[in-house]
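# Chain and residue survey
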Amino acid sequence: MSKTNIIIDLDGTIYRGDQLLDHAKSFIDILNKNNINYKFFTNCSKNVPKGLGIKLKKMGLEVQESNIITSGCIAQRYIQSMDKQALVYVIGSNSFKEYLQMQNVSLANGTDCSADYVLVGFCTDFTYDELTRALWHIQSGAIFITTNLDETIPSGKYTVPHTGAISAFLEYASKQKPLNMGKPSEYAGNYFREIFGSDQVFVIGDRIDTDMLFAKNNDFTACLVLTGITSQKDIDSIEQPYFQTFNDLQEFYNILERQFLFCK
């Protein structure tokens, strides 16, 4: 019998902003107790695995840093698989840039005119000058990559612009579409296929256009929770949903247990 593997979204599934969602702790405790193989996977590259591990532990979750993957990790892995000596101009958080440097990625500064890649990640304090320099690099031949194309991201009771909104500026100005390293891309799917092999994979998340489509594009089982960006009204507008829907994580793991999917 194949093992059960679960890819778990963070924003809107485990927490919203700095607020842990109901049943998230119980869900992770059950996975740990039953030795279920799981990975957190977020499209948000602002925080790196180490920072996210600290955040989750402060929320009371027992997690390992090695169980946390971000779209930024996928982007770093892709760039280095193509060219280990690549020079990369990055729009992103300081922690993301530091992570890339720790992974031996060479970062271009604002005056370099020879960047091989422009990489856009989630950032809340980028400047117009940074966007301009990124555009110059793309126009000079740099390959345009984004960690994800999400338009918005949950933040407490509200939603705020996400990486897709930043990338849209550069796409419109450069007339070039970026390579998307995050959900729902096959780049991300290939990463998880490598680490999970042919075993059964569930994807649980709160977005249809990223989490569920990621599962569909990569032949994983799609499971939607209504704790984030998607509402029941959104689902009702779909003629033939290809995913299972759950009110929250408690309903998800209760059904999985009854179906004996948590088999070792």
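Residues numbered from 1 in each chain as written. Predicted model: local features only at pLDDT ≥ 70, side-chain atom pairs only at ≥ 80, totals over all residues. Heavy atoms only, no water.

Strand order in the open sheet formed by 6 strands is β5-β4-β1-β13-β14-β15, with parallel pairing between adjacent strands. Each having just a single partner strand, β5 (68-70) and β15 (244-246) make up the two edges of the open sheet. Going across the sheet, the axis of each strand differs from the next one's by a mean of 25°, ignoring polarity. Looking at chain direction, strand β1 (residues 4-8) and strand β4 (residues 37-42) are connected through 4 bridges and run parallel. In the strand pairing of β4, I6 is matched with Y38. Sitting on the sheet, helix α2 (residues 49-58) is in contact with β4 and β5, with an inclination near 130° to β5. (Pairing = 2+ DSSP bridges. Helix = DSSP H or I, 4+ residues; strand = E, 2+ residues; numbered from the N terminus. Axes fitted to C-alpha atoms, helices over the stretch in contact; angles between N-to-C directions. Contact = heavy atoms within 4.5 Å.)

A separate point is the environment of I143. Its place among the elements puts I143 in strand β9 (residues 143-146). Residues I143 and I68, spaced 75 residues apart in sequence, show a C-alpha to C-alpha distance of 27 Å. The residues touching I143, leaving out its near neighbours within four places in the chain, are D116, Y117, V118 and L179.

Tracing the backbone shows S167 in helix α6 (residues 163-174). Exposure remark for S167: the relative accessible area of 1% places this residue in the buried category. Within polar-contact distance, the side chain of S167 engages the side chain of T146 at 2.8 Å. Those residues in contact with S167, other than ones at most four positions away along the chain, are V120, F144, T146, N148 and L149. (Buried < 20%, exposed > 50% of the residue type's maximum accessible area, 1.4 Å probe, protein only. Polar contact = N/O pair within 3.5 Å; in protein donor to acceptor, adjacent residues only side chain to side chain.)

Following the criterion strictly, the structure yields 10 salt bridges and no others. The residue K177 makes a salt bridge to E171 at a minimum N-O spacing of 3.1 Å. Here R207 makes a salt bridge to D209, at a shortest N to O gap of 3.2 Å. Here R207 falls in the buried class, since its relative accessible area comes to 7%. (Salt bridge = Lys/Arg side-chain N within 4 Å of Asp/Glu carboxyl O.)

Moving on to the packing of aromatic side chains. Inspection of the entire model under this criterion finds 13 aromatic pairs. Aromatic side chains Y38 and F40 sit 5.5 Å apart centroid to centroid with 80° between the ring planes, which places their arrangement in the edge-to-face category. Across this residue pair, the class does not change: Y38 and F40 are buried. Centre to centre, the rings of F192 and F214 are 6.3 Å apart; their planes meet at 70°, and the pair counts as edge-to-face. One end of the pair, F192, is in helix α7 (residues 186-196); the other, F214, is in helix α8 (residues 208-217), and 22 residues separate them in sequence. The pair formed by F192 and F214 is uniform in burial state, with each residue classed as buried. Chaining the aromatic ring pairs together yields one cluster made of F41, Y191, F192, F196, F214 and F220. Across the ring face of Y15, the terminal group of K55 is positioned such that the distance to the ring centre comes to 3.9 Å. A cation over an aromatic ring shows up here: K183 above the ring of F41, its NZ or CZ 5.1 Å from the ring centre. (Phe/Tyr/Trp six-rings, centres within 6.5 Å; stacked < 30°, edge-to-face > 60°. Lys NZ or Arg CZ within 6 Å of the ring centre and 35° of its normal.)

Taken as a whole and judged by the stated rule, the model has 0 disulfides. Looking at the unpaired C44, the closest cysteine sulfur is the one in C123, lying at 10 Å. When its relative accessible area of 11% is taken as the criterion, C44 is described as buried. (Disulfide = S-S within 2.5 Å.)

The next thing to look at is the packing of helix α5 (residues 128-139) against α6. It is the contact of α5 with α6, at a shortest axis distance of 10 Å, that shows an interaxial angle of 45°. When the axes of α5 and α6 are compared, the pair comes out oblique. The handedness of the crossing between α5 and α6 comes out as right-handed. Residues Y128, L131, A134, L135 and I138 of α5 touch α6, and the partners they reach there are I166, F169, L170, A173 and S174. Of the residues that constitute the contact of α5 with α6, the class distribution is 9 nonpolar, 1 polar and no charged. (Parallel < 35°, antiparallel > 145°, perpendicular 65-115°, else oblique. Left-handed = near helix turned anticlockwise from the far one by under 90°. Nonpolar A, V, L, I, M, F, W, Y, C, P; charged D, E, K, R; others polar.)

The strand order across the open sheet built from 5 strands is β7-β6-β8-β9-β12, with neighbouring strands paired in parallel fashion. Every other strand in the sheet has two partners, leaving β7 (106-107) and β12 (179-180) as the edge strands with one partner each. Across 2 bridges, the pairing between strand β6 (residues 87-91) and β7 is parallel. Opposite V88, over in β7, you have L107 as the bridge partner.

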